[in-house]
Amino acid sequence: MLKIDSPAHLDTWRAELVDATDPERQRIAVCGDTSCRVYGSEKVWSAFTNEISQQGVDCSVDYDVKLTGCHGFCEKGPLVVIRPQGIFYTHVGVKDVPEIVSETVVGGRIIERLLYTDPNSGETIQQEEDVPFYKHQLRLILNLNGILDPSYIEEYITFGGYGSLSQVLFALTPEEVIEKVKMSGLRGRGGAGFPTGLKWELCRNQPGDVKYVICNADEGDPGAYMDRSIMEGNPHRVLEGMIIGGYAIGANHGYVYIRNEYPRAVKHLQRAIDQAEECGFLGENILGSGFDFKVRIKLGSGAFVCGEETALMQSIEGRVGEPRPRPPYPTESGLWGKPTNINNVKSWASVPIIFGKGVELFANIGTENSKGTAIFSVVGNINNTGLVEVPMGISLRELIFDIGGGIPNGKALKAVQIGGPSGGCIPAKHLDVPVDYESLNELGAIMGSGGMVIADEDTCMVDFARYFMAFTQEESCGKCVPCRLGTKAMLATLERICAGDGQPDDVDYLIELGNEIKSSSLCGLGQTAPNPVLSSIRYFRDEYEAHIMDATCPAGVCKGLITYSVIPENCTGCMVCLRNCPTDAISGGKQEIHVIDVEKCTRCGMCRSVCKFDAIKVI
Amino acid sequence: MQISINEIHDIITREALGEGSLIAALEEIQERYRYLPPEAIILASEQLGVPLSQTYAVATFYNAFSLKPKGKHNLCVCMGTACHVRGSPQLLDRLETNLGIEAGETSRDRLFTLETINCLGACALGPIVVTDGEYSGQMTIQKVDRILKGIVRAEEKLDAQN
């Protein structure tokens, strides 16, 4: 591979690559992200590349096929986009490939059945950009994810890659870089929202020759996967951000701390590091500027607490990932006692955009105090599960209904959980709240790392809170007492309530204990662990009271409080539930109305899931 | 699986690239044997000059490490939030009942290990069960039953052949 030794050399290379690209040539982009792969996208991709000629399909039109990063609309995978026309096909199978080639690529005709159908109007939509899921988004960070093949650095270069780095290294002093990041208004995308430029400045101003930058890719928040998608789909953008950060801060070494649950992200990032080293974007004397920078990957080993910055550094050092008190902050004394700057994947990926598109452009997006875009993984009870990038300040309603397509099966929205185990839930009545750091905080949630879980009317908020508390209790490292014992006590109380043994003063106890844990825990994990419980009590206290006072679970979820029974009018006596019941709790003959024995029933839900006639009810 | 001291030795030497290499070495050993044999923990301590207590602390702190050998087949239920609201607790229940073990345990015949994971980050597929590394999305109780039956049948066939 070419070693690039000057900005001019990079420009020439880019010009060559752009010249070699025929804008009119048909380009087929198959989504290669984890979800689409499980639906078979890799086979679709190889069918486009290999099998066409063998099947006697007319291939008179030459075309390119790429396996790209995540297109975002995971619900409809495997996704295929044909450019330059921008035709958007959903749920594409291997069997559709010959037809796509002969009809669309060669014949220029649309295959109606593969198009996205708007569930509201019933009309099909041809163009990717017209699909409501994409139309309301502003994809700054994710823009290239569905376009370029992350296996090749050339692809990133063609789309302007490493141009920001070249500009920064030769046209700006480190102080000027920091000033521009400050002006852009970028705040930490890991969730806390600390101003990025200020953090860089604090680190730069520390004395000492050895400093580190770290990319926090320990995306442990369940329900969030945008960091994985960015690293899989466009790893060079993260690296470019880190190199610029290293230059600004005066660091020559960077680490990416990444979960071992993300093997493909590790692979793509390592390949990107190797390519960047070969091309001279990493290593010594980058682009002939005299600046040296190296990046190494460190794998996490399945501990949520390691997403906390001081625990993360302990883990890189090879120790148990227990947090330590701050101050001193990592910018003063971090990895191996040296000044260290830690930012999240999304923050690093935003940096090249700030310099590439201009500080003003970035600063003009969003609200007064929250600039740029926010990425959410919108998951749970939602029609359009996927990765969404929106300008800060968009309302939750737009996000859930215009982009997310609303709630499936005609159910009602109950709450939106933002920020995972550290965040809180926002009830449906606050849907018009703008999505930015401050507004969400006011409602008891946080921006967090971007997991947004939609809960419909069938979700029990007490059980939901119990779920998060079970998670944080399990992941509490045990170093400080409030978190170690406090989360245990909160969980035990919640479990008792869910089992039907709640006491009248349990809710007040949870509030008191929760506030104590928040104010006295050592690190962010404990300080935020009670949030899901406290916010659900704030908005859904009646559900807690129904569990405790009336011994009922209004949503029909908590096993200790529900019974399954047959609705006689709906039961056809088909015997399906009876045959599937694991504990033989259902009796009745063919065409006789079945009866569930409450004593034998384990409330596993099997009968309800197999019944075709809606004849099983839960109360 | 046979434990080879020489092999463990090689892994540790290869990973011993200065500070912070203990976790990387243990990760390699875990990857190779799917658990950390006692020999490996002792050897890692000696070779890397880390007190045994600290190595043990690391080996028991992180979820990715196991001190117990795993079963031949690994079933892993994603317990991420999206999977949770789409019914993963019911799937786990079903597997626990059918296998007669709890999450984190290995069946007596060493055929199955049942595990949970906090989030695989493939939430559109939820609920997800991973069978020997292969993701199955939008799982239901029936589909889980089918997967289990499939493995048991294949194993019976293997037994019959032997």
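Within each chain, residues carry numbers counting from 1 in the order of the written sequence. Following the order in which they are written, the chains are lettered starting with A and the ligands numbered starting with 1. Two thresholds apply to this predicted model, a pLDDT of at least 70 for residue-level local features and 80 or more for giving and counting side-chain atom pairs, whereas whole-chain, interface and lining totals are computed over all residues.

Re the interface of chain B and chain A
Selection rule: We call two residues in contact if the C-beta atoms placed from their backbones are at most 7 Å apart. Put simply, DSSP marks the helices as runs of H or I at least four residues long and the strands as runs of E at least two long, and each gets a number from the N terminus on. Each residue gets one of three labels, nonpolar for Ala, Val, Leu, Ile, Met, Phe, Trp, Tyr, Cys and Pro, charged for Asp, Glu, Lys and Arg, and polar for the others, Gly among them.
Across the boundary between the two partners, chain B contributes 36 residues, which contact 47 residues of chain A. Where the side of chain B that touches chain A is concerned, the elements lending two or more residues are helix 2 (21-33), helix 4 (52-61), helix 5 (81-85), helix 6 (88-99) and helix 7 (141-161) of chain B. Tallied by class, the residues present in the side of chain B that touches chain A amount to 19 nonpolar, 13 polar and 4 charged.

Some remarks on the pairing of strand 8 (residues 253-258) of chain A
All names here are of chain A. As a reminder of what qualifies: In this scheme every C-beta is placed from the backbone, and a residue whose C-beta has 20 or more other C-beta atoms within 10 Å is buried, one with 12 or fewer is exposed, and one in between is partly exposed. In this description, strands pair whenever DSSP reports at least two bridges between them. Crossovers are described as right-handed under a simple rule: with the strands pointing away from the observer, the path leading from the first strand over the helix to the second runs clockwise.
For strand 8, a buried count of 5 out of 6 residues is recorded, marking the element as mostly surrounded by other parts of the structure. When strand 7 (residues 212-217) meets strand 8, the two strands line up parallel, connected through 6 bridges. Counterpart to C215 in the pairing with strand 8 is V256. The parallel pair strand 8 and strand 9 (residues 294-299), bridged by helix 12 (residues 263-279), forms a crossover whose chirality is right-handed.

Focus: the sheet that holds strand 14 (residues 424-427) of chain A
Residue and element names in this part refer to chain A. How we decide: Fitting a line to C-alpha atoms yields each axis, with helices limited to the stretch in contact; the angle taken between N-to-C directions then spans 0 to 180 degrees.
Pairing is mixed in the open sheet, where 5 strands are placed in the order 12-11-15-13-14. A single partner strand is all that each edge strand has here, and the edge strands are strand 12 (386-391) and strand 14. Neighbour to neighbour, the strand axes of the sheet diverge by 30 degrees on average, direction disregarded. As paired elements, strand 11 (residues 373-380) and strand 12 share 6 bridges and run antiparallel to each other. Bridging from a neighbouring strand, S377 pairs with L387 of strand 12.

Comments concerning the packing of helix 19 (residues 481-499) of chain A against helix 22 (residues 531-549) of chain A
Residues and elements named next belong to chain A. Running from N to C, helix 19 and helix 22 cross one another at 35 degrees; their axes reach a closest spacing of 11 Å. Mapping the contact onto sequence places M490, L494, I497 and C498 in helix 19 and V533, Y544, H547 and I548 in helix 22. For the contact of helix 19 with helix 22, a count of residues per class yields 7 nonpolar, 1 polar and no charged.

Describing the domain arrangement of chain A
All names here are of chain A. What counts here: What counts as a domain boundary in this text is fixed by an automatic or database domain assignment.
Taken domain by domain, chain A consists of domain 1 (7-135), domain 2 (153-362), domain 3 (373-456), domain 4 (461-549) and domain 5 (563-618). Just the C-alpha atoms count here: the centres of domain 2 and domain 3 sit 27 Å apart. Taken together, the contacts link 14 residues of domain 2 with 16 residues of domain 3. A breakdown of the residues in the side of domain 2 that touches domain 3 according to their chemical character gives 4 nonpolar, 6 polar and 4 charged.

Some words on the environment of R603 of chain A
Its location among the elements puts R603 of chain A in the loop between strand 18 (595-596) and helix 24 (606-610). Contact partners of R603 of chain A, with chain neighbours within four places excluded, come to K559, I562 and Y564 of chain A.

Remarks on the sheet that holds strand 2 (residues 63-68) of chain A
Residue and element names in this part refer to chain A. In spatial order, the strands read 2-1-3-4; together these 4 strands make up an open sheet with mixed pairing. Edge positions in the sheet fall to strand 2 and strand 4 (87-89), since each has one partner strand and no second. When strand polarity is set aside, the average angle formed by the axes of neighbouring strands in this sheet is 20 degrees.

Section: unusual backbone geometry
Residues and elements named next belong to chain A. A cis amide bond, omega 10 degrees, links R83 with the succeeding residue P84. With respect to the secondary-structure elements, P84 resides in the loop between strand 3 (80-83) and strand 4. Geometrically, the link from R326 to P327 is a cis peptide bond, its omega value of -5 degrees lying close to zero. As for its placement among the helices and strands, P327 is situated in the loop between helix 13 (309-316) and strand 10 (340-344). Of note, the phi angle at H91 is positive, near 45 degrees, even though the residue is not glycine. Structurally, H91 is set in the loop between strand 4 and helix 4 (97-106).

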